[in-house]
Amino acid sequence: MTTWTMIITLSKDVMRIVADQDVVPFRNRVKECAVKIKMGLVNQTKLITAASELGRNMLKYASGGETLIEIVTRGRDNGVRLTFKDKGPGIADLSLAMKDGYSTGKSLGLGLPGAKRLVNEFDIKSEPGKGTTVVVIKWANG
Amino acid sequence: MEYNIPKLLQKKKKNIIELWITNQLSEAGLREDLISNEEIRQQSEELVDSFVSNLNQENIEDVNSGDFDGVIEILSGISITRARQGFSPRETGAFIFGLKEALLQLLQQEIKEDKETLYQATLQINRLLDSFSIVTFETFIKGREEVILRQTDEITEISTPVIRVWDGILALPIIGTLDSARTQVVMENLLQEIVETGSSIAILDISGVPAVDSLVAQHLIKTVSATRLMGAECIISGIRPEIAQTIVHLGIDLSNIITKATLASALKFSFQSLKLEVKKVQVVKAVV
Ligand SMILES: Nc1ncnc2c1ncn2[C@@H]1O[C@H](COP(=O)(O)OP(=O)(O)OP(=O)(O)O)[C@@H](O)[C@H]1O
Ligand SMILES: [Mg+2]
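Criteria and cut-off values
- Residues numbered from 1 in each chain as written.
- Chains lettered and ligands numbered in written order.
- Predicted model: local features only at pLDDT ≥ 70, side-chain atom pairs only at ≥ 80, totals over all residues.
- Heavy atoms only, no water.
- Patch = residues over 30% accessible without salt bridge, like charges linked within 9 Å, V, L, I, M, F, W, Y side chains within 5 Å.
- Areas by Shrake-Rupley, 256 points an atom, 1.4 Å probe, with all protein chains shown as cover.
- Salt bridge = Lys/Arg side-chain N within 4 Å of Asp/Glu carboxyl O.
- Helix = DSSP H or I, 4+ residues; strand = E, 2+ residues; numbered from the N terminus.
- Buried < 20%, exposed > 50% of the residue type's maximum accessible area, 1.4 Å probe, protein only.
- Domains from an automatic or database assignment.
- Near = heavy atom within 4 Å.
- Polar contact = N/O pair within 3.5 Å; in protein donor to acceptor, adjacent residues only side chain to side chain.
- Contact = heavy atoms within 4.5 Å.
- Buried area = accessible area lost by both parts, 1.4 Å probe.
- Nonpolar A, V, L, I, M, F, W, Y, C, P; charged D, E, K, R; others polar.

### Focus: a nonpolar patch on the surface
All names here are of chain B.
Working step 1: Residues Ile-163, Val-165, Trp-166 and Leu-276 make up a contiguous nonpolar surface patch of about 330 Å² in total accessible area.
Working step 2: Mapped onto the secondary structure, Trp-166 falls in strand β1 (residues 163-166).
Working step 3: A relative accessible area of 46% places Trp-166 in the partly exposed class.

### Concerning the domain arrangement of chain B
Working step 1: Per the domain assignment, the segments of chain B are domain 1 (5-155) and domain 2 (163-273).
Working step 2: Each of domain 1 of chain B and domain 2 of chain B has a C-alpha centre, and the two are 55 Å apart.

### Some remarks on the site of ligand 1
Working step 1: The local shell around ligand 1 holds 20 residues, among which Asn57(A), Tyr61(A), Ser103(A), Thr104(A) and Ser107(A) are the closest.
Working step 2: Residues close to ligand 1 are split across chains A and B.
Working step 3: Leu110(A) has a polar backbone atom sitting 2.8 Å from an oxygen atom of ligand 1.
Working step 4: Take Ser214(B): an N or O atom from its side chain is 3.3 Å from an oxygen atom of ligand 1.
Working step 5: Computed on the free molecule, ligand 1 has an accessible area of 600 Å², of which 93% lies beneath the protein chains in the complex.

### Quick notes on the interface of chain B and chain A
Working step 1: On the chain A side, the residues contacting the 16 residues of chain B number 19 residues.
Working step 2: Regarding the contact of chain B and chain A, the summed buried area is about 1,600 Å², with carbon and sulfur atoms giving 61% of it.
Working step 3: Our count for the chain B to chain A interface comes out at one salt bridge.
Working step 4: There are six residue pairs in polar contact (both at pLDDT 80 or more) connecting chain B and chain A.
Working step 5: Per-element tally for the side of chain B that touches chain A: the top contributor is helix α9 (residues 241-250) of chain B, with six residues.
Working step 6: Looking at the side of chain B that touches chain A residue by residue, the classes come out as seven nonpolar, seven polar and two charged.

Encoded structure:
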């Protein structure tokens, strides 16, 4: 039997990431939310690391964007949902970008696939020339 | 009776200064800890003097007149100093608003019967002093920003010390986020110190790094490579359990790097590779 339960937003916070200095305050804000819902230390660290990757991608490839930090609940689970929205060049081949080691920026190419492994739910949408939106959820007990 | 406001203010300079100083000294939040009455008097006299002696019938209507450059310079100097001394924006603002108050009080006393002139003069003084207030805020904020920038530089420097833990062994505790600028400083300090001390082992301790993402990992890997190029070995210690799990999920490969959970185990490893031994001294009790 599958139970379908709606995700409800309990708190909402918008932060812009447009410069290197914005990443740490953003990460701290994410951590505050994780602590608020009593997320364990390991999951907290996974979440802020994923947040860091996605925030930095936005900076590096789309010269910044906007993030939405939400505390959400689904049934008995509480979690943190993060949305990264940019108006950058977009990603032409998503499945390629999601591969370990693929990078157009002479980097490790681990940001996107790594972030996906660090969270419970991962959704990426991108339109070349329009921008990219990534939504992730980490459940407190996920 | 025809009024010449600039002349009037020049003639009444002494009164303006006295009114203004009285206003400042009666201000509830006067920071006697930060500034002496003597300094207040001196700053006030200098400013009023410059203002009234440069004021004339034309520029009283023109807040952008170059005639006020001197006033603005004095005012900027005062706000920058106050920002550095730790005055609050309110306290600094009260200084210039006090002058406006004093000027308006004086106009009221002097031009009692001619309401139309009083109204015009009040408007003019208001506009001028408001523009001076904006300058005060701008320079005050600039002063605070300088303080913040200086502190940032200081933090970058003090947060990357290289410690000589043993002959031939260096340790670098890293605290905070390892961004590109920090990595540069860490790397320079470390390589410099390796040359100076002829050390063959460097321990990078990341106990104080909140998260290791791919950027931080890349910086760590770069630092290790650079150390190796100098002929020394680099150990990364202080990898907390949650960081270890995250690194694995992220997919970062640190298998080519010697990593240890704690600084103590890194030190132990270093002693072994330098063929050093730490032993407990055996105390032999004399048998009576
Ligand atoms: N927000 C974005 N806008 C446009 N392109 C992006 C965006 N995010 C990622 N990409 C593209 O996807 C590729 C893979 O991203 P990923 O984060 O996995 O690796 P990376 O950023 O290149 O390296 P790393 O994150 O390991 O330092 C990037 O090289 C870039 O081409
Ligand atoms: Mg990336």
